[in-house]
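Here's the letter readout for the chains.
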Amino acid sequence: MDEARAFARTLPRSSEAFVRGRVKFRIGRIVYLSFSRDGSVMGFAFPKAWREALVESEPDKFSLPSESDMRYHWVHVRLDAIDAEELHDLVEDAWAFCVPKRVAEEYAAERGYRG
């Protein structure tokens, strides 16, 4: 969780908040990362159309959100089931999914990413 938080703090327009005992990261009012109270699970923004395939592909890592959160673009991951590189990718992708497209494109260009 500490590694994810440290990285999320570096992303443009990202801000950290503590809401009802949970650490969350936002872009404006949009939450793109949230951690369980014990820090073992990270919820992250993810396209609804792909989330079932993601969960089915690796059910030991990923899970669907609660029924009340199914309306959101959201998936959960067990942090002990992923390595640092995958954590970095999930955080960056969740951020890019929620930030304005121009901001994500500028960020990618600065890092030499190709779309």
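Quantities reported herein were computed from a predicted structural model and do not represent experimental measurements. Every chain is numbered independently, its residues counted from 1 as its sequence is written. Side-chain atom pairs in this predicted model are given and counted only at pLDDT of 80 or more, local residue features only at pLDDT of at least 70, and totals for whole chains, interfaces and linings cover all residues. By convention in this description, side-chain values take in all heavy atoms of the structure and omit both hydrogens and water.

Visitor: Account for the confidence of the model for the chain, with residues named and values stated.
Guide: Each residue gets a pLDDT score, which is the predictor's confidence in that residue and runs from 0 to 100. Considering every residue of the chain, the mean pLDDT works out to 94; 98% of them sit at 70 or more. Per-element confidence in the chain is highest for strand β5 (residues 62-63), whose mean pLDDT is 98, and lowest for helix α4 (residues 101-111), whose mean pLDDT is 91. Here a helix means four or more residues in a row that DSSP labels H or I, a strand means two or more in a row labelled E, and each is numbered from the N terminus.

Visitor: Before we move on, could you go through the environment of Glu106 and cite the residues and values that matter?
Guide: With respect to the element layout, Glu106 can be found in helix α4. Buried, partly exposed and exposed residues are distinguished by accessible area as a fraction of the type maximum, computed with a 1.4 Å probe on protein chains only: under 20%, between the cut-offs, and over 50%, respectively. Its relative accessible area of 40% is what places Glu106 among the partly exposed residues. In sequence terms Glu106 and Ser14 are 92 residues apart; their C-alpha atoms lie 15 Å from each other.

Visitor: Just give me the short version of helix α2 (residues 48-57), but keep the residues and values in it.
Guide: Taken together, the buried positions of α2 are occupied by Arg51, Leu54 and Val55. Projected down its long axis, α2 carries its buried residues within an arc of 95°, all on one side. Counted as exposed and oriented over 90 degrees from the buried face of α2: Ala49, Trp50 and Glu56. Any two residues whose heavy atoms approach within 4.5 Å are treated as being in contact. Each element contacted by the buried residues of α2 is listed here: β4 (41-45), β5 and β6 (74-78). Starting at the helix axis, one direction is taken to each C-beta atom, and the arc is that of these directions.

Visitor: How would you sum up the pattern of salt bridges? Please name residues and give values.
Guide: Where charged atoms from two side chains of opposite charge come close, those side chains can pair. Salt bridge, as applied in this entry: a Lys or Arg side-chain nitrogen positioned within 4 Å of an Asp or Glu carboxyl oxygen. Taken as a whole and judged by the stated rule, the model has seven salt bridges. Across the pair Arg9 and Glu16 runs a salt bridge, and its minimum N-O distance is 2.8 Å. The class of Arg9 is partly exposed, set by a relative accessible area of 47%. Here Glu86 and Lys61 are joined by a salt bridge, their closest N and O atoms 2.8 Å apart. Highlighted residues: Glu86 in helix α3 (residues 84-98) and Lys61 in the loop between α2 and β5, separated in sequence by 25 residues. There is no split in this pair, since Glu86 and Lys61 are both buried. Taken together, the salt bridges that share partners define one network made up of Arg5, Arg9 and Glu16.

Visitor: Could you give an account of the packing of aromatic side chains, naming the residues involved and the relevant values?
Guide: Only rings of Phe, Tyr and Trp enter the pairing, Trp through its six-membered ring, and a pair is recorded when the two centres are within 6.5 Å. The plane angle decides the type: under 30 degrees is stacked, over 60 is edge-to-face, the rest tilted. For the coordinates displayed, the defined rule picks out four aromatic pairs. Taken together, Phe44, Phe46 and Phe62 form an aromatic cluster joined through their ring pairs.

Visitor: Summarise the environment of His76; cite the residues concerned and give the values.
Guide: When you line up the elements, His76 lands in strand β6. Setting aside residues no more than four positions away along its own chain, His76 makes contact with Val41, Met42, Gly43, Phe44, Lys61, Phe62, Ser63, Leu64, Pro65 and Ser66.

Visitor: Explain a negative patch on the surface to me, and be specific about the residues and the numbers.
Guide: Surface patches are defined over residues having more than 30% relative accessible area and no salt bridge, joining like charges when they lie within 9 Å and nonpolar side chains (Val, Leu, Ile, Met, Phe, Trp, Tyr) when within 5 Å. Here the accessible surface of atoms and residues is derived via Shrake-Rupley with a 1.4 Å probe, and residues count as covered only by protein chains that are part of the display. The charge count treats Lys and Arg as positive and Asp and Glu as negative. His and the chain ends do not count. The atom standing in for a charge is NZ when the residue is Lys, CZ when it is Arg, CG when it is Asp and CD when it is Glu. Together, Asp83, Glu85, Asp89 and Asp93 line one region of the surface with negative charge. Following the sequence through the fold, Asp89 ends up in helix α3.

Visitor: An account of the sheet that holds β6 is requested, with residue identities and associated values reported.
Guide: Note on pairing: two strands pair once DSSP finds at least 2 bridges between them. Pairing is antiparallel across the open sheet formed by six strands, whose spatial order is β1-β2-β3-β4-β6-β5. The open sheet has two edge strands, β1 (14-19) and β5, and neither has a second partner. In this sheet, strand β2 (residues 22-27) lies alongside β1 in antiparallel orientation, the contact comprising six bridges. Residue pairing across strands places Glu16 opposite Phe25, the latter belonging to β2. Docked against the sheet, α2 engages β4, β5 and β6, running at close to 20° with respect to β6. Axis definition: a line fitted to C-alpha atoms, limited for helices to the stretch in contact. Angles are taken between N-to-C directions and run from 0 to 180 degrees. Across the face of the sheet, α3 comes into contact with β1, β2, β3 (30-35), β4, β5 and β6 while running at roughly 35° to β4.

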